[in-house]
Amino acid sequence: MPVEIDVDHVARLARLNLTDEERERFRTQLGLILEHAERVREVAADDVRPTAQPVPQSNVFRDDEPEPVLTQDEALAGAPEVEDGRFKVPRIIEAE
Amino acid sequence: MTEYEAVVGLECHVELSTRTKMFCGTPNEFGGEPNTRTCPVCLGHPGTLPVPNRQAIEYTMKIALALDSEIAASSLFHRKNYFYPDMPKNYQISQYDLPIGSGGHLEIEVDGQSRRIAMNRVHLEEDTGKTVHAGTTGRIAEADYALEDYNRAGVPLVEVVSEPDIRTAEEARSYLTELRALLEALGVSDVRMEEGSFRCDANISVRPAGQTEYGVKVEIKNMNSIRSVERAVRFEIERQRNALEAGETLVQETRHWDESKGVTLPLRSKEYAFDYRYFPEPDLAPVEPDGEWIDRLRKGLPELPAARRRRFVEQHDLDPAAARIVAGSAEWAEFFEEAVGLGAEPRAVANWMTGDLAALLHENDVSLSGGRVEPRHVADIARLVADGTISTAGAKQVLAVAFASGTAAQQIVEERGLAQISDESELTAVIDEVVAENPGPVEQFRGGKEGVIGFLVGQVMQKTKGAANPQEAQRLLRQRLS
Amino acid sequence: MGGAERSERHRSDLCDRTGHELGEMLRAGECSALELTDSCLARIDLVDERVKAFLEVTADRARDQARQIDERLAKGEERRAVAGIPLALKDVLCTRGVTTTCGSKILHNYVPPYDCTPWEDLRAGGSILVGKTNCDEFAMGSSTENSAFFPTRNPWDLDMVPGGSSGGSAAAVAAGEAVWALGTDTGGSVRQPAALCGVVGFKPTYGLISRYGLIAFASSLDTVSTFTRDVRDAAILLSRIAAKDPRDATSLPTPFRNYGRGMEDGVRGLKIGVLRDWLGEGVEPAVKSAVEASVGRLQNLGAEIDEASLPNAEYALSAYYLIAPAECSSNLARYDGVRYGLRSKDAADVVEMNMRTRGEGFGDEVKRRIMLGTYSLSAGYYDAYYGQAQKVRTLVIQDFQGAFERFDLLLGPTSPTTAFPLGAKTEDPLAMYLNDIFTIPGNLSGVPGISIPCGLDEKGLPIGLQLMGKHLDEDTVLRAAYAFEQDLGFADRPALIQEAAA
Ligand SMILES: [Mg+2]
Ligand SMILES: [Zn+2]
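Cut-offs applied
- Every residue gets a number counted from 1 within its own chain, in the order that chain's sequence is written.
- Note on labels: chains are lettered from A, ligands numbered from 1, in written order.
- For a predicted model such as this one, the threshold for reporting local features is a pLDDT of at least 70, and the threshold for listing and counting side-chain atom pairs is 80 or more; totals across whole chains, interfaces and linings nevertheless cover every residue.
- In computing side-chain values, all of the structure's heavy atoms are included and hydrogens and water are not.
- The secondary structure listing takes helices from DSSP runs of H or I that are at least 4 residues long and strands from runs of E that are at least 2 residues long, numbered from the N terminus.
- Expected span of a helix, by definition, is 1.5 Å for each gap between consecutive residues, and there is one gap fewer than residues.
- Relative accessibility thresholds used throughout: buried, under 20% of the residue-type maximum; exposed, over 50%; partly exposed, between the two (1.4 Å probe, protein chains only).
- Contacts are residue-level and defined by heavy atoms, with any inter-residue pair within 4.5 Å sufficient.
- Only N, O and S atoms count as donors, using a 2.8 Å limit from the metal and a wider 3.2 Å limit for Na, K and Ca, and since water is excluded some coordination spheres may look unfilled.
- Every angle between 85 and 135 degrees makes a four-donor site tetrahedral, while opposite donors more than 155 degrees apart, with all other angles between 65 and 115, make a four-donor site square planar and a six-donor site octahedral; other sites are irregular.
- In the analysis that follows, any N or O atom pair within 3.5 Å is treated as a polar contact, provided that within protein one partner can donate a hydrogen and the other can accept it, and provided that, for residues neighboring in sequence, both atoms belong to side chains.
- Two parts lose some accessible area (1.4 Å probe) when they are put together, and adding that loss for both gives the buried area.
- A carboxyl oxygen of Asp or Glu within 4 Å of a side-chain nitrogen of Lys or Arg is what we treat as a salt bridge.
- Under the grouping applied here, Gly and all other residues not named as nonpolar or charged are polar, the nonpolar ones being Ala, Val, Leu, Ile, Met, Phe, Trp, Tyr, Cys and Pro and the charged ones Asp, Glu, Lys and Arg.
- Strand pairing is assigned whenever DSSP detects at least two bridges linking the two strands.
- To define axes, lines are fitted to C-alpha atoms, for helices over the stretch in contact only, and angles between the resulting N-to-C directions are given on a 0 to 180 degree scale.
- The scheme is simple: roughly parallel for angles under 35 degrees, roughly antiparallel for over 145, roughly perpendicular for 65 to 115, oblique for anything else.

(A) The arrangement of helix α10 (residues 392–405) of chain B in detail. Residues and elements named next belong to chain B. Its 14 residues place the ends of α10 20 Å apart at the C-alpha level, agreeing with the 20 Å of an ideal helix rising 1.5 Å per residue. Listing the buried residues of α10 in full gives Gly 394, Ala 395, Val 398, Leu 399, Val 401, Ala 402 and Phe 403. Residues of α10 that are buried in the fold lie against α8 (346–364), α9 (375–386) and α11 (409–415). Immediately beyond the C-terminal end of α10, within one or two residues, lies Gly 406, with a positive phi of roughly 80°.

This is how it looks when you write it as structure tokens:
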């Protein structure tokens, strides 16, 4: 059974504007892909530990030593809009 | 009438005072021109990767150890995903179900009573940049646009979360005071609330006393001093209690503390619930400290404020209130111990420090290290009073002068002629004069009016411009009139 | 034929030689780095309008670099193996001052302020960058048709895809536009296009080459990998870029060293496990027979052959299509129109700006995977999807460990098919995903894998043979691949090249 997903909610979480056509197509395609992907539940038993990294390591750190920084101009070089040495964005409505 | 009980949990964010940021070598410094302390990593450039700062990990473990938290054998960084323009990657590297420290407690004191507040967790994450909401009115909701500065983005941030164990605004204040002192003693943060290196949010609910289930939880943000946390918690408890008494239903929400109005106000409600989609940060390996590493850190812990307080009470016989102040910070404790080390009586040193010295510092708005008074001054003053060289009044003068000039106490006593006259022959001459000039009172005293002695001693003091040792003067007067 | 003309002929095919051959020629003074670079640039001029391997050709920069190498060569100072050899970089690898787009509109104008570590190492070794190559947007795809700019074509047949996502790099090496190239392999994105373009594609152990400056698609799978004309070149290139990088916490604590030790020792006594399950349904007959013939060849060379299996590999594709999108949904969140790249204009507020920028800036496949990953990580689904997929990953790793107790190497096809026509699978994501069915297990487990040409199908399209080895046992993989390559003597080249040389 293809999986039913709330495309609007997911698109909102992912901050993706979708056209009506995309929304419909993704609803169908993602449903089919997830149906296929659900096969992972067939094999992965409770006693199997998840693996996040193909070659596990631990305690990889760096020393607390300063390194060169970007100048303000370099930092802002790619910015779509700038004001007073800062990145300018449209107003923020949402709290948090 | 139902009795209500408040349930408060505090969540503190502490910026660590490492030399560099959490995941890159960019210097970690407060202030500076916007976007001058960034590199491709902390600006979230494509292709960059985080590498954890060992010092930040150690600082976090020290905080956890100082709070008696358990250090996880294996701890993980997770990604907390949400969009906000002050966050360069639109996810925060944080910790989720495997924080560095779990459990533990912090001992606080309210009205001379000790209480243990249980800790929930100590975890490490990265700070965000800073947003300026620009526009005509200055109110966020009415801003025309926003500006982003990423100097602070990626600064190591430790989250210290208490259990909902706090019951009153006073306890909240004590908790924060204690935590700040502990962090200061560890030397891991500047703990300056006004600069944002120590920030606090509170979760508050109210329930009928005796009820075990929690009430409706409200989160309070935007408190930027310990005092404002105390005020906000007091206000919010009261607000919730009044609402419940009036039969209103409370809603789970986030409220904002308005410092000038002294009230909490609801934040604009969110359009949809946050869904952070936590998952293990694939760019980082787990933190797995061995016993040796933990032991080394544990052995290196300095004496913490609570232990110091206990020691001052036991070893120096201070009363708990004085001990709390004197042991409250490393600066004060060191000052105290140095003065005591110079041979002064501990209780006297504590009295001078918590009384006149604290008042002078407060009036002049300086810190102990910012003033000119040194432990030697206080030790000398205590000793000079104890051996009768100067009076308490004279000592106050010496302290005030030393505070302003830094001059040695002995020198001040000499220059200002503050030494008391205790010499018998000198005093006897003055007493003779007083007896001769006041026949009436002398008769009254001899006639059994005991109280008149005070008047006669006062005359001696007047003639010596206050320099006579009053105890000695009285003894000699009695001897002369008997 | 006059002398000048003969010399011109000679120069124009410099770009078709191997890196090690050219290195010797440079050091012997038989050609200059500038001549060699010009030879590649001339080839690009000649064929790239049709192949479309490059998003940007850095001709001036390449010539400047070449002149510097020639100065060192003239003084006899130049001994570095990669010095003077023209290289192409997939456009997901950051190059300071050179636009790096990831094949995406959202980064169409992005100029990185830093170099990725592999390029930094190569540049320091005197490598010459001829350009940035086309790829599927953010490396998501198996045909290079998901590039926001244009599809790349297979030099063997311009109606066919070159594979992907590193199709531009594969095609560039196959067509003589670069001597060698770097790509990235997340689910087969180097091995599969190498197979489809008839070149050698080598994905080393995860963590052996730094990912710093590789624009992330799926962090726990992304592996910088090489395209070369032969196995010896793969060893040379790898030796220059494989070492611990303090800027990548997942890079392994290994020092620089020469890979390909004992490469000429042959396969006698090596135990090679043949993945029989990978030669069944869905595998083209030509691929099947070429791989079977390869097994026979290795056996004749003295390898001990037996059947092997990875029982959970059939679930690997499903796990991959949960893990990779989940990581991608988070990795690509930074493209929000605030700090760099595209910004959609005139949005009323920042949320609308983010949504429109991303809606306009990302292509179909990227959106699909971001949606998939966002969904599978969202509240209530994590355990069912991402959590389960990471468990499958454990099982796949255990399968490899089990197999490597019996075998030194595992063998199978690289891809179930040879190159397919443009447009053939673009409407069916699941069919496209099946291209990676034999390469994905190597990414989930992080083991080294190589694809080497092992023949042509009936249409004259190349077929790839895949060999996989134990973690950090690159030497054994290279040794077997080299023995096979020497024995087979695969000498076919795309018709395009013969045409160019004519
Ligand atoms: Mg936090
Ligand atoms: Zn930085």
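(B) Inspection of the coordination of the zinc ion (ligand 2) at higher detail. All names here are of chain B. Only Cys 24 (SG), Thr 26 (OG1), Cys 39 (SG) and Cys 42 (SG) from the protein reach the zinc ion (ligand 2) as donors, at distances of 2.2 to 2.3 Å. One can describe the site at the zinc ion (ligand 2) as tetrahedral: its four donor atoms subtend angles covering 95 to 119° at the metal. Considered as a linear motif, the donors of the zinc ion (ligand 2) on their single chain read C-x1-T-x12-C-x2-C. Here Cys 24, found in the loop between β1 (4–15) and α1 (54–66), pairs with Cys 39, found in the loop between β1 and α1; they are 15 residues apart in sequence, far enough to count as distant. Grouping residues by exposure puts Cys 24 and Cys 39 together as buried.

(C) Layout of the environment of Arg 406 of chain C. Residues and elements named next belong to chain C. Positionally, Arg 406 belongs in helix α13 (residues 383–406). Arg 406 gets classed as partly exposed once you look at its relative accessible area, which sits at 47%. Taking C-alpha positions, Arg 406 is 8.7 Å from Ala 308, a pair spaced 98 residues apart along the chain. A polar contact of 3.4 Å, which involves the side chain of Arg 406, links it to the side chain of Asp 306.

(D) View of the interface of chain A and chain B. The partner chain B presents 56 residues to the 37 residues of chain A that form the contact. For the pair chain A and chain B, the summed buried surface comes to about 4300 Å²; carbon and sulfur atoms form 56% of the total. Remark: the boundary between chain A and chain B carries two salt bridges. A salt bridge links Glu 65 of chain A to Arg 19 of chain B, with the nearest nitrogen and oxygen atoms 3.2 Å apart. Among the secondary structure elements, those contributing two or more residues to the side of chain A that touches chain B are α1 (7–13), α4 (72–76) and β2 (86–90) of chain A. Taken together, the residues of the side of chain A that touches chain B sort by class into 16 nonpolar, seven polar and 14 charged. Pairing of β2 of chain A with strand β9 (residues 145–149) of chain B involves four bridges; the strand directions are antiparallel. Bridging across to β9 of chain B, Lys 88 of chain A finds its partner in Leu 147 of chain B.

(E) Seen up close, the coordination of the magnesium ion (ligand 1). Residue and element names in this part refer to chain B. Coordination of the magnesium ion (ligand 1) by the protein is provided by His 13 (NE2), Glu 125 (OE) and Glu 159 (OE), with metal-donor distances spanning 1.9 to 2.5 Å. Counting the intervening residues between successive donors of the magnesium ion (ligand 1) yields the motif H-x111-E-x33-E. Taken together, the residues Glu 125 in strand β7 (residues 113–126) and Glu 159 in strand β10 (residues 156–162) connect sequence positions 34 residues apart. For Glu 159, a relative accessible area of 10% gives the class buried.

(F) Representation of the interface of chain A and chain C in the model. Every contact between the two is made by 55 residues of chain A and, on the other side, 65 residues of chain C. Buried surface at the junction of chain A and chain C, summed over both partners, amounts to about 5200 Å²; 67% is from carbon and sulfur atoms. When the area that chain A buries against chain C is broken down by residue, the three leading residues are Arg 15, Leu 16 and Pro 54 of chain A, summing to 12%. Taken together, the links from chain A to chain C amount to four salt bridges. Here Asp 364 of chain C ties to Arg 25 of chain A by a salt bridge, and the two come within 2.8 Å at their closest N and O atoms.

(G) Fine view of the packing of helix α8 (residues 231–241) of chain C against helix α16 (residues 474–488) of chain C. All names here are of chain C. At their nearest, the axes of α8 and α16 sit 9 Å apart, and the two run at 155° to each other. Between α8 and α16, the angle is such that the two are roughly antiparallel. Mapping the contact onto sequence places Val 231, Arg 232, Ala 234, Ala 235 and Leu 238 in α8 and Glu 474, Leu 478, Ala 481, Tyr 482 and Glu 485 in α16. Grouping the amino acids of the contact of α8 with α16 by side-chain chemistry returns seven nonpolar, no polar and three charged.

(H) Seen up close, the pattern of salt bridges. Applying the stated criterion across every chain yields a total of 80 salt bridges over all chains. Residues Glu 38 of chain A and Arg 41 of chain A are paired through a salt bridge, measuring 3.0 Å at the closest nitrogen-oxygen approach. Under the relative-accessibility criterion, Arg 41 of chain A is labelled partly exposed at 40%. Glu 195 of chain B is the partner of Arg 192 of chain B in a salt bridge, and the nearest nitrogen-oxygen pair spans 3.4 Å. Arg 192 of chain B sits in the partly exposed class, given a relative accessible area of 38%. Taking relative accessible area as the criterion, Glu 195 of chain B reaches 26% and is therefore assigned partly exposed. A network of salt bridges, in which partner residues are shared, links Glu 21 and Arg 25 of chain A together with Asp 364, Glu 365, Arg 368 and Arg 369 of chain C.

Purely spatial values, then, with no claim about function.
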